[in-house]
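Spelled out, the chains give:
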Amino acid sequence: KSCQIKGFALQLKFVTKLPRVANEKALPASDLARWRQFSQMVKVHEATHRSIWLDCAASVERQTRAISASSCGEFNQKVERIWQTARAACTRRHASFERSEYARMLKHPFARVVARKDMKTRAAALR
């Protein structure tokens, strides 16, 4: 007489690719310290993205387990709506987080050093 799900759980697998310096020994001590700070900031940044995905998945799981429908077709429509709504909300959360972090990343001392060196390299190439 109805359609509902039992034991529903999402399984997420995360692969986080972090930037690396090919040879840390080649960096001057001041740049190395800045690099390590920057690298840690990137790890925290990416962990926040992971946390956002986990929150979104938990919401989908909760809402899906609560569905009650008179038919499996209706159930599937409700699940699809939940997924589409959650995916859109999650995408907005990621975009908002990126906007808030972008300026902070650009202001980081290591990013500023890289930008300055890149500008000097480009200027030298134009001569």
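Note that the structure is predicted; figures quoted are calculated from it, not measured.

A.B. asks: Can you walk me through the overall build of the protein in this structure?
C.D. replies: Along the backbone of the protein there are three helices and zero strands. Ordered by position in the sequence, the α and β elements of the protein form the string α-α-α. The C-alpha atoms of the protein give 23 Å as radius of gyration, which overshoots the globular expectation for 127 residues (14 Å, by more than 25%). With the C-alpha coordinates of the protein rotated into their principal frame, the extents come out at 75 × 30 × 20 Å. Expressed as a percentage of its 127 residues, the buried residues of the protein come to 24%. When contacts within the protein are restricted to residue pairs at least 6 apart in sequence, those whose partners lie at least 24 apart make up 74%. When the accessible area of the protein is evaluated, it comes to approximately 9600 Å², of which 55% is carbon and sulfur surface.

A.B. asks: So what exactly am I meant to see when it comes to the packing of aromatic side chains here?
C.D. replies: To describe a pair of aromatic rings, you give the distance between the ring centres and the angle between the ring planes. Taken as a whole, this structure holds three aromatic pairs when the rule is applied. Relative to phenylalanine 38, the ring of tryptophan 35 lies with its centre 6.3 Å away and its plane at 40°, an arrangement referred to as tilted. Taken together, the residues span about one helical turn, with tryptophan 35 and phenylalanine 38 both in helix H1 (residues 29–65) at a distance of three residues. Of the two residues examined, tryptophan 35 and phenylalanine 38, each falls in the buried class. Note on phenylalanine 38 and phenylalanine 110: the rings are 5.6 Å apart at their centroids and 35° apart in plane angle, and the pair reads as tilted. In this pair, phenylalanine 38 sits in helix H1 while phenylalanine 110 sits in helix H3 (residues 109–126), placing the two residues 72 residues apart along the sequence. Through a chain of ring-to-ring contacts, the aromatic side chains of Trp35, Phe38 and Phe110 assemble into a single cluster.

A.B. asks: Looking at this structure, how should I read the environment of tyrosine 102?
C.D. replies: Its place among the elements puts tyrosine 102 in helix H2 (residues 72–107). Its relative accessible area of 54% is what places tyrosine 102 among the exposed residues. Along the primary structure tyrosine 102 and alanine 58 are separated by 44 residues, whereas in three dimensions their C-alpha atoms are 27 Å apart.

A.B. asks: Mind showing me how you'd approach H2 here?
C.D. replies: Since the α-helix advances by 3.6 residues per turn, residues separated by three or four positions end up pointing in the same direction. Taking 1.5 Å as the rise per residue, H2 with 36 residues should run 52 Å; its terminal C-alpha atoms sit 52 Å apart, in good agreement. Of all the bends found along H2, the most pronounced is centred on glutamate 101 and spans about 30°. Residues Phe75, Ile82, Ala86, Cys90, His94, Phe97, Glu101 and Met105 constitute the buried set of H2.

A.B. asks: What's the story with the pattern of salt bridges in this structure? I'm lost.
C.D. replies: Close approach of charged atoms allows side chains of opposite charge to pair. By the definition in use, this model includes six salt bridges. The partner of aspartate 31 in a salt bridge is arginine 34, and the shortest N-O contact between them spans 3.2 Å. Of this pair, aspartate 31 and arginine 34 both sit in helix H1, three residues apart, roughly one helical turn. Judged by relative accessible area, which is 6%, aspartate 31 ranks as buried. On the accessibility criterion, arginine 34 (28% relative accessible area) is partly exposed.

Calculation notes
Residues numbered from 1 in each chain as written. Predicted model: local features only at pLDDT ≥ 70, side-chain atom pairs only at ≥ 80, totals over all residues. Heavy atoms only, no water. Helix = DSSP H or I, 4+ residues; strand = E, 2+ residues; numbered from the N terminus. Rg over C-alpha atoms; globule rule 2.2 N^0.38 Å. Buried < 20%, exposed > 50% of the residue type's maximum accessible area, 1.4 Å probe, protein only. Contact = heavy atoms within 4.5 Å. Areas by Shrake-Rupley, 256 points an atom, 1.4 Å probe, with all protein chains shown as cover. Phe/Tyr/Trp six-rings, centres within 6.5 Å; stacked < 30°, edge-to-face > 60°. Expected span 1.5 Å × (residues − 1). Bend = angle between axes of the 7 residues up to and from the residue. Salt bridge = Lys/Arg side-chain N within 4 Å of Asp/Glu carboxyl O.

Distances and angles like these do not, on their own, reveal function.
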